[in-house]
Each structure stands twice: as C-alpha cells, then as structure tokens.
Amino acid sequence: MERLTHIGSIIKKKSVDIKKSRIGLGFEKLDRDVFNPEDAYDFVAESGVKWARLQSGWQRTEKVKGVYDFAWLDSIVDRMISIGVEPWLCLCYGNELYSPAAKTIFGAVHVMPLHTEEERTAWVNYVTAVTTHFKGRIHYYEVWNEPDAGTTYDPTAVQLAEFTAATAKACKTGDPTCEVLGLVTFEHNDFNEEAARNGILEHLDGVTYHAYYDPINGISDDFWKARYNFYRELCRSHGKPDMKIIQGESGAQSRSDGWGSMYGAAWTKAKQAKYLLRHLITDIGLGVEFTSYFSCVDMAEALSGIVGDSASYRDYGYFGVLGANFNEDGRPIGTYSPKPSFYALQTLTSVLAEDYEVCELPLEGIVMESRRLLDRDLVFNACEHYGFRREDGSCALMYWKAANILSETYEGTISLRIGDELAGKKIKLVDLLNGKVYDLSDTMTAEPGLLTNIPVMDVPLMLMFDDFCDWERIN
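Every value quoted in this text rests on a predicted model; they were computed, and no experiment measured them.

S.K.: Please provide a residue-by-residue account of the pairing of strand 22 (residues 436–439), values included.
M.R.: Here four bridges tie strand 1 (residues 5–10) to strand 22, and the two strands are oriented antiparallel to one another. Within the sheet, the bridge partner assigned to Ser9 lies in strand 22 and is Lys436. As paired elements, strand 21 (residues 427–431) and strand 22 share three bridges and run antiparallel to each other. Opposite Asp431, over in strand 22, you have Lys436 as the bridge partner. The hairpin formed by strand 21 and strand 22 contains four residues between the paired strands, and Gly435 there has a positive phi angle of roughly 80°.

S.K.: How would you summarise the pattern of salt bridges if you had to cite specific residues and measurements?
M.R.: Counted under the stated rule, the structure contains 33 salt bridges. Among the salt bridges present, the one from Arg137 reaches Asp78, with a minimum N-O distance of 2.8 Å. Of this pair, Arg137 sits in the loop between helix 4 (117–133) and strand 5 (140–143) while Asp78 is found in helix 3 (residues 71–82), placing the two residues 59 residues apart along the sequence. Looking at Arg137, the relative accessible area reads 23%, which means it is partly exposed. Across the pair Arg120 and Glu117 runs a salt bridge, and its minimum N-O distance is 3.2 Å. Here Glu117 and Arg120 lie together in helix 4, a separation of three residues that amounts to about one turn. Taking the relative accessible area as the measure of exposure, Arg120 reaches 36% and is therefore partly exposed.

S.K.: An account of helix 5 (residues 157–174) is needed here, citing residue identities and associated values.
M.R.: The periodicity of an α-helix, 3.6 residues per turn, causes residues three or four positions apart to be oriented the same way. In this model, helix 5 (18 residues) spans 26 Å end to end at C-alpha, consistent with the 26 Å of a helix rising 1.5 Å per residue. Turning to helix 5, its buried residues number three or more, namely Ala157, Leu160, Ala161, Phe163, Thr164, Ala165, Thr167, Ala168, Ala170, Cys171 and Gly174. Elements in contact with the buried residues of helix 5: strand 4 (86–91), helix 4, strand 5, strand 6 (179–185) and helix 6 (189–197).

Criteria and cut-off values
- Residues numbered from 1 in each chain as written.
- Predicted model: local features only at pLDDT ≥ 70, side-chain atom pairs only at ≥ 80, totals over all residues.
- Heavy atoms only, no water.
- Pairing = 2+ DSSP bridges.
- Helix = DSSP H or I, 4+ residues; strand = E, 2+ residues; numbered from the N terminus.
- Salt bridge = Lys/Arg side-chain N within 4 Å of Asp/Glu carboxyl O.
- Buried < 20%, exposed > 50% of the residue type's maximum accessible area, 1.4 Å probe, protein only.
- Expected span 1.5 Å × (residues − 1).
- Contact = heavy atoms within 4.5 Å.

Printed below as a string of structure tokens:
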C-alpha cells in the first residue's frame, strides 16, 4: 500500500448506532457456562454486529422437573438488546433429568430427547416455556445444533424431521409471531435431502447451515459458495424458493494448537482475519439473510467433555475475535485482547451498515503491463468480487485473489475500465483489515475511465465510489 496516500479512516460504528446489518457474532456455549459474558459485552457493543447467536441450555435452565429458571439467560438477552444487538436462540441440548446419557456428557451436548414419551413431552414443554418467556425479545429460534455431526447420539434425518415438526409447533404455541429456523447442518448433503423429503421444510421459516471447510479440498471461497447454493437449491426443489437462508456458524482459529474444527492447521491471527473478511463478504454477496462469525471469545470447545472431569473440556478453541488466557478450571481470565480479526470485523460492520443492494457494477477487467510485477496484471475475473450500491448512487467493490489462506499470500495488480455510472465519482481505496482510507496515485488514475495497476491482495480491499460509508480525514 506504499504507493497510495493514506488520507483517513472508516468511522467505526457501535452496534447501537447501526439500524440494519447482515453481520452477526457467535456468543455460544454459555449453556455450559464456559466463559463470563460480562467481560465481553463492551467489546460486542464496539464491534458493530447486529446479531448474536445464543444457545438455550435446557439442562442449565430446568434443574428440577417442570421448573424453569431463565435468570441466567435473561441477563444475556437483555444485555445484548441494550447494546443494540438482536439475540437469536439455538434450542439445545439434552437434559439429564430425562435422558440417561446426559448424566455423563458435559453440557448434555448432542443428546437429543428422542427415545421416550417423557423425553419428548418434556422437550415440547421446555420449548413452549422458552418462547413464551422471551416473546417480544427473541424472534428467531433455531432447532438443535449440527444434528449431522456424526456423534453416537445424532438423529437420523427422519427423526430430525419429526423432532423439528414437534419443536416448531411448540415454538409457535409459545409465540405465534416467532420464526423457526432449522436443519442447522454443516456437511452431509444426503442427510439434508432426506430430511427435506420427509417434510422438514414445511415446518420452517428459514434454514441455517454451518460452513467451515471442505474436508476433501480444504478451505476455499468456492466451498462457501457451494454450501449456500446447495441450500438455496434444496429449498427451491422442495417448493420453498423464498425460504430465508442464514449462515449460522463458521470461523477460523488464530493459532495452530487449538481444538475444534480445522484444528492443527497452520493458523495465525492474520490468517484468521483474512478468513473472517472473505467468508462474511462472500455470504453477504450471495444473499444470506444474515451471517454469523464463530466466535466472540477464545474458550473451551467443550464438545466431548465428561461430567466431573474438568481436564476433558480444557480443550481450547482459539476461534475468538477476542483472545483470552485460561485458569486451571479452563475458564478465560483477565481482560480480553482484540485480535486483528476484531478490527476487521469492526471495519466491515461499519462499511456494510444500513441499506444497500448487492449488484454487478459497470467495471470491466483489462490486462495491462504492470511495472509493479515486472509482468502483466492479474485477470480481474480471477478475483472474487462483489459490488454494492446505495440509494444515493454511491458504490463499492470488494475484491480479492482467492489464494489458499493457509499456504499462500498474494500481492499483485489489476486494471479496470469504469462504466458511465461510475465516471466522475470520487474514488478511494479502503483496507478492510484496518479501515484505512487511501487516495490512488496519479499513475493509477491518469487515463479517464481507467484504473491502472491498482492493488489486489489475498485479503479483501474495497474501491469506494463516492462516500459509500462514513469516514474521516486524518489531520
């Protein structure tokens, strides 16, 4: 970026200052009480996200049969609302009062109440109580979490369809105005197809899915697109073409020694920030209702813990946009530390706040000689790119080279011919990692209607045509 002139920075907006956004943050695992939310709220408020995914914690809420204590969840929901963030709730997991397996599994993770009439009835009663209690505060309810995870306790697709139908009915009994989300799957297309054939979509207002990486081909922007397109086609082919689709959980670690999805890979804080930007922009560019980055804070994964054995859930996942240290019990301690991914998230939420349309902009890639490369430009169509337009005519182009996040870095140039709609607009370039705003050099804008040898990297940059978002000049 040394060829450019740094002239200002994006104004970072708090969540409470943003009325509308498609960007959310994961605030999961408080059903297992693995971190103190009080230490995170100020950061969430500063992040600019508008959605927070919570987990309902049946076992934490109903400790005596038929008695529901929502105090712990009330405090989280109410605090989120107070800082301008809309909570949405994943209804999970099991309860040892009704399911014997839950007595040994920390948090009753994946123990679905399927097998006895008492389990099924208790679950319906619990869900009805949840939606009744939170009516007016929570609008979206999600049925279970990753039922295709491959654990001993996962349902079949047929069982999931039946369970979803019963859960959705209970949700609407408690709050007829709420919307019910389902599937919540992360990989298995055959499982989703079978659930759809058994009528699961008939009971849903929207579909959620998780998309970390392709177990065969690794991380790629194409994989994220393929996951969205799969669910869109699934809904269309089963008579629900307008079904809302939400990317409900995906993220990356910031170090290589953590557990959880993609564990052991060569993660760094910089790679995590690239993953966050590329994934969220892709989701929004495709048309998700909203997208959720996992997660807010580094914490124990707590997916296969054994009750009474704290060592079994001191399995830290470093997915947080906030870093943490841990005590001997596996809980984060001290002050959280924002990572580069946090600042990237702040920039993106501020840039993509309020109303805009995703669109094709009148830009044509051309290949020119590039002194920067002692070669020729990268072909523009070899870049991932998404256009955005506001009602006032201001536009933005977010673009990047889809190099392998774990093994490659890229810095090159592209050249673009500008269509009439964009001619005459003031052009700035924004580094989405940190929100810095730059003027292009004279050599890049010397020829009218042409941008020559502008930067392209493996992390998203943004061309801003007029003031697409709020920014301030440096003194």
